[in-house]
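Each chain, letter by letter, is given below.
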Amino acid sequence: MALKKKEIALARGTEGVDPKARVAVLAYHKVGRPSASASVTWYYISEEIFERQLHWIAESGWEVIDAARFLQGLDDPGSLPDRSVLLTFDDGYQSILHCALPYLNSFGFPAIIFVPTGLVGDVSRFDEKTREPMEPICSWDELRELQRGGVSVESHGVSHCHFSEVDRARLVFELESSRRAIIKELGANSVMLAFPYGDAGSGYPETGRALVEAGYRCAFLYGGGAQSFPISDPYRIARIPMGPDIELEQILTSPSVAGKV
Ligand SMILES: [Zn+2]
């Protein structure tokens, strides 16, 4: 008898199940179309594709967890569902509020948005000299709206700089000042950070120490696949870069990713 698509996915996902919890952290940037008459790049995901991806997750047996549950899982991996998905969005674009949030809410999915606090209410100036269109970044009020909609606001540094290109004093500033701003403006204890450009700094062990000293509990890279918990280094957690051509079904049901990583 031919199995339905969903049954195949579930069957493959449980193949060689790792007794430890498995976690897939998805890293999105922009949802919808550019706000100006610019061309769409890989970092944009249409609403249609975004909805399709969320729909697949909802049907797949993978469970979307929130920031608090993820943090609990770092200390107590047994508390996580066997297949956990964390939805993350980098840079704090307004399109996440206007285009992504309605879909997240309709599926009842929590998420995390990583914001460069020095650019709140501004545009993505760090893309000025690239071919990536600059997009408006949420104001604090808009971030509060996201927060009310089930999205945790976390740090993406202050200025969206490459951590490997700054000295220690600047690194400490990027870590401490962004965290302080989120706590002050949103009353949330931000303890997660996504490295801008996925750049964890050149002297990595030092960055890890600086993160601990600044009060962070974990930090995310940009790249990699799903992973097993307990995780070897919570300050370098892999994330799956999400673009319009990423076939979640393929990634999350492939035994090499879902079962053995
Ligand atoms: Zn970024």
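The model shown is predicted, which means the values in this text are computed figures rather than measured ones.

The number of helices and strands found in the protein chain is nine helices and eleven strands. A buried classification covers 40% of the 261 residues belonging to the protein chain. Contacts spanning at least 24 positions in sequence make up 70% of the contacts within the protein chain whose residues lie at least 6 apart.

Contact geometry of helix α2 (residues 47-60) with helix α4 (residues 94-107) gives a least axis separation of 10 Å together with a crossing angle of 25°. Taken together, the axes of α2 and α4 are roughly parallel relative to one another. Handedness of the α2/α4 crossing: right-handed. Each of Glu47, Phe50, Glu51, Leu54 and Ala58 in α2 lies in contact with α4, whose residues at this interface are Cys99, Ala100, Tyr103 and Phe107.

Below, the discussion takes up α4. With 14 residues, α4 extends 20 Å between its outermost C-alpha atoms, agreeing within 8% with the 20 Å of an ideal straight helix rising 1.5 Å per residue. Taking the largest bend as the criterion, α4 deviates by roughly 50°, centred on Ala100, and proline Pro102 comes between one and four positions later. Those residues of α4 lying buried are Ser95, Ile96, Leu97, Ala100, Leu101 and Leu104. The secondary structure elements touched by the buried residues of α4 are β2 (30-31), α2, β5 (83-90), β6 (111-115), α5 (140-148) and β7 (151-155). Note on α4: the residue one or two positions beyond its end, Gly108, has a positive phi of about 70°.

The subject of this paragraph is unusual backbone geometry. With omega at 0°, the peptide bond leading from Phe229 into Pro230 counts as cis. In this fold, Pro230 is placed in the loop between β10 (227-228) and β11 (240-241). A positive phi angle, close to 60°, is found at Tyr197, a residue other than glycine. Tracing the chain through its elements places Tyr197 in the loop between β8 (192-194) and α7 (204-213). Here Tyr197 falls in the partly exposed class, since 16 other C-beta atoms lie within 10 Å of it.

Tracing the chain through its elements places Glu206 in helix α7. On a C-alpha basis, the gap between Glu206 and Arg168 in space is 8.6 Å, while along the polypeptide they are 38 residues apart. Every residue in contact with Glu206, bar those within four places of it in the chain, is listed here: Arg168 and Gly201.

Let us look at the confidence of the model for the protein chain. For any part of a model where pLDDT is low, the fine detail of the predicted coordinates should not be relied upon. Per-chain confidence: the protein chain averages 89 in pLDDT, with 89% of residues scoring 70 or above. Here residues 1-20 is a poorly scored stretch, pLDDT under 50, and it has 27 contacts once near neighbours within four places are set aside; other chains count.

Burial analysis of β7 places five of its five residues in the buried class, the great majority of the element. Pairing analysis gives five bridges linking β6 to β7, with the strands arranged parallel. Among the inter-strand pairings, Ala111 is bridged to a residue of β7, identified as Val151. The parallel pair β6 and β7 is bridged by α5, and the resulting crossover is right-handed.

Criteria and thresholds
Residues numbered from 1 in each chain as written. Predicted model: local features only at pLDDT ≥ 70, side-chain atom pairs only at ≥ 80, totals over all residues. Helix = DSSP H or I, 4+ residues; strand = E, 2+ residues; numbered from the N terminus. Buried ≥ 20, exposed ≤ 12 C-beta atoms within 10 Å, placed from the backbone. Contact = placed C-beta atoms within 7 Å. Axes fitted to C-alpha atoms, helices over the stretch in contact; angles between N-to-C directions. Parallel < 35°, antiparallel > 145°, perpendicular 65-115°, else oblique. Left-handed = near helix turned anticlockwise from the far one by under 90°. Expected span 1.5 Å × (residues − 1). Bend = angle between axes of the 7 residues up to and from the residue. pLDDT = per-residue confidence, 0-100. Pairing = 2+ DSSP bridges. Right-handed = clockwise from strand over helix to strand, strands pointing away.

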